[in-house]
Amino acid sequence: MFQSRAEAMALVLPAALFAGLVFLVPVIVLLSQGIHIDGQWTLAAYIDFFSKSLNQVVFFRTLRLGVLVTFLAAIIGYAAALSIVSLPPASKGRMVGLVVLPLMISPVARTYAWIVILGRTGIVNKALVAIGLTDEPIRFLFTETAITIGLLQLFLPLMIISLVSALENMPRDAIAAARVLGANWFQVFYKVVLPLTREGLVIGGTLVFTGSLTAYITPAILGGSKVLMLETLLYQRVTVANDLVTASVIAFILMVMSFSANMVLKRVASARGGK
């Protein structure tokens with residue numbers, strides 16, 4: 001037994017060392033720059049960061065939009081996933097392929113497409129003016145609304161794929177049995193579907209929330225310098241101000257927010273599943 005365990009450790013050790021050198025060491029070096037300043041260990045950089053009103057606004061905007069995008073993705077994702085799993089196998093495969101297709105397109109191209117759609121001379125404004133809902137174009141670009149739409153379109157496929165996988169592993173007669181027992185559709189979803197697919201929701205929610213926090217291209221293009229988020233603020237601090245200390249602080253905050261979201265989703269799913 002000891003010999004087999006030693007052999008297993010010998011096989012795992014090179015991969016562990018590679019992961020440590022390539023991933024963990026750079027992260028530790030990056031994060032240490034925010035707490036090791038001028039040869040001293042201090043939290044002054046974090047205190048200074050949160051003491052500025054602009055940083056507070058950017059922090060809460062990033063958190064709010066991340067939660068909003070995740071919530072909208074869950075609602076739309078469940079509706080789409082429930083529709084997909086009810087299709088025949090051949091049609092189900094085609095629909096899953098259509099859901100995955102946007103992931104094969106560059107996020108830059110997908111984001112720039114929203115400029116054509118939401119711009120002052122874009123499709124949406126032309127339609128609103130044509131039907132008389134407004135006399136002049138509405139400014140959609142460089143707003144939180146544009147960022148929310150862009151992030152939702154960017155990461156919604158990840159939520160749908162996670163929920164489709166979870167729904168396919170759910171007992172096929174669970175919904176029918178609940179309906180026979182007199183449950184309405186809201187009760188079926190809240191008491192049957194949601195508990196049985198909580199793992200897929202946790203995975204999809206973590207992917208969407210983390211992606212919304214760390215995405216740069218979409219907030220930079222659709223939000224510009226008028227609607228900053230943490231990732232665009234981090235880019236500015238590195239490229240414009242050459243402020244690596246603040247950039248390290250922002251990177252650590254993003255990591256904490258991502259891990260915290262995963263823990264919260266797991267805790268909520270576990271509590272819901274235990275009822």
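A brief structural summary. As a convention, each chain's residues are numbered from 1 in the sequence order in which they are written. The predicted nature of this model means local features are confined to residues of pLDDT at least 70 and side-chain atom pairs, given and counted, to a pLDDT of 80 or more, with totals for whole chains, interfaces and linings taken over all residues. Only hydrogens and water are set aside when side-chain values are computed; all heavy atoms of the structure are taken into account.

## As for the nonpolar core
A general tendency of soluble globular proteins is for nonpolar side chains to be buried together.
So, point 1. Membership of the largest hydrophobic core comes to 39 residues, with the highest contact counts inside it found for Ile147 and Leu222.
So, point 2. Per the convention used, a helix needs a DSSP run of H or I reaching at least four residues, while a strand needs a run of E reaching at least two, with both numbered from the N terminus. Within the residue set of this core, elements represented by two or more residues are α3 (53-85), α5 (107-118), α7 (144-168), α8 (174-180), α9 (185-196) and α11 (217-222).
So, point 3. At 12 residues, α7 tops the list of elements feeding residues into this core.
So, point 4. Dropping the residues within four chain positions of it, leucine 222 is found in contact with Thr111, Trp114, Ile115, Leu141, Phe142, Thr143, Ala146, Ile147 and Gly150. We call a set of buried Ala, Val, Leu, Ile, Met, Phe, Trp, Tyr and Cys residues a nonpolar core when their side-chain atoms join them within 4.5 Å. Exposure categories follow from relative accessible area, calculated using a 1.4 Å probe and restricted to protein chains: below 20% of the type maximum is buried, above 50% is exposed, and the middle band is partly exposed. Residue contacts are counted whenever heavy atoms from the two residues lie within 4.5 Å of one another.

## Regarding the packing of aromatic side chains
So, point 1. Aromatic pairs are defined between Phe, Tyr and Trp rings, using the six-membered ring for Trp, whenever the two ring centres lie within 6.5 Å; interplanar angles under 30 degrees are classed as stacked, those over 60 as edge-to-face, and all others as tilted. One pass over the structure, following the stated rule, counts 7 aromatic pairs.
So, point 2. Each ring, one from phenylalanine 59 and one from phenylalanine 60, has its centre 5.2 Å from the other, and the planes form 80°; the classification is edge-to-face.
So, point 3. With a centroid separation of 6.0 Å and an interplanar angle of 5°, the aromatic rings of phenylalanine 186 and tyrosine 190 are classed as stacked. Of the two residues, phenylalanine 186 and tyrosine 190 both sit in helix α9, 4 residues apart, roughly one turn of that helix.

## Details of the packing of helix α4 (residues 89-100) against α7
So, point 1. As a packed pair, α4 and α7 sit with axes 9 Å apart at the nearest point and diverge in direction by 150°. Taken as axis vectors, α4 and α7 run roughly antiparallel relative to one another. Where α4 approaches α7, its residues Lys92, Val99 and Val100 are matched on the opposing element by Pro157, Ile160, Ile161 and Glu168.
So, point 2. Following the grouping adopted for this structure description, the nonpolar residues are Ala, Val, Leu, Ile, Met, Phe, Trp, Tyr, Cys and Pro, the charged ones are Asp, Glu, Lys and Arg, and the polar ones are all others, Gly among them. For the contact of α4 with α7, the residue count by class is 5 nonpolar, no polar and 2 charged. Only the stretch in contact is used when a helix axis is fitted, and all axes are lines through C-alpha atoms; the angle between N-to-C directions ranges over 0 to 180 degrees. Each angle gets one of four labels, with under 35 degrees taken as roughly parallel, over 145 as roughly antiparallel, 65 to 115 as roughly perpendicular, and the rest as oblique.

## Describing the pattern of salt bridges
Close approach of charged atoms allows side chains with opposite charge to pair.
So, point 1. Any carboxyl oxygen of Asp or Glu that lies within 4 Å of a side-chain nitrogen of Lys or Arg is treated as forming a salt bridge with it. Considering all chains together, one arrives at 5 salt bridges under this definition.
So, point 2. Between glutamate 144 and arginine 61 there is a salt bridge; the shortest N-O distance is 3.0 Å. Here glutamate 144 is found in helix α7, whereas its partner arginine 61 is found in helix α3, with 83 residues between them in sequence.
So, point 3. Of the residues examined, glutamate 144 reaches a relative accessible area of 26% and is grouped as partly exposed.
So, point 4. The closest approach of N and O atoms between lysine 92 and glutamate 168, which form a salt bridge, is 3.7 Å. A residue pair is termed long-range when its members are at least 10 positions apart, and lysine 92 in helix α4 and glutamate 168 in helix α7 qualify at 76 residues.

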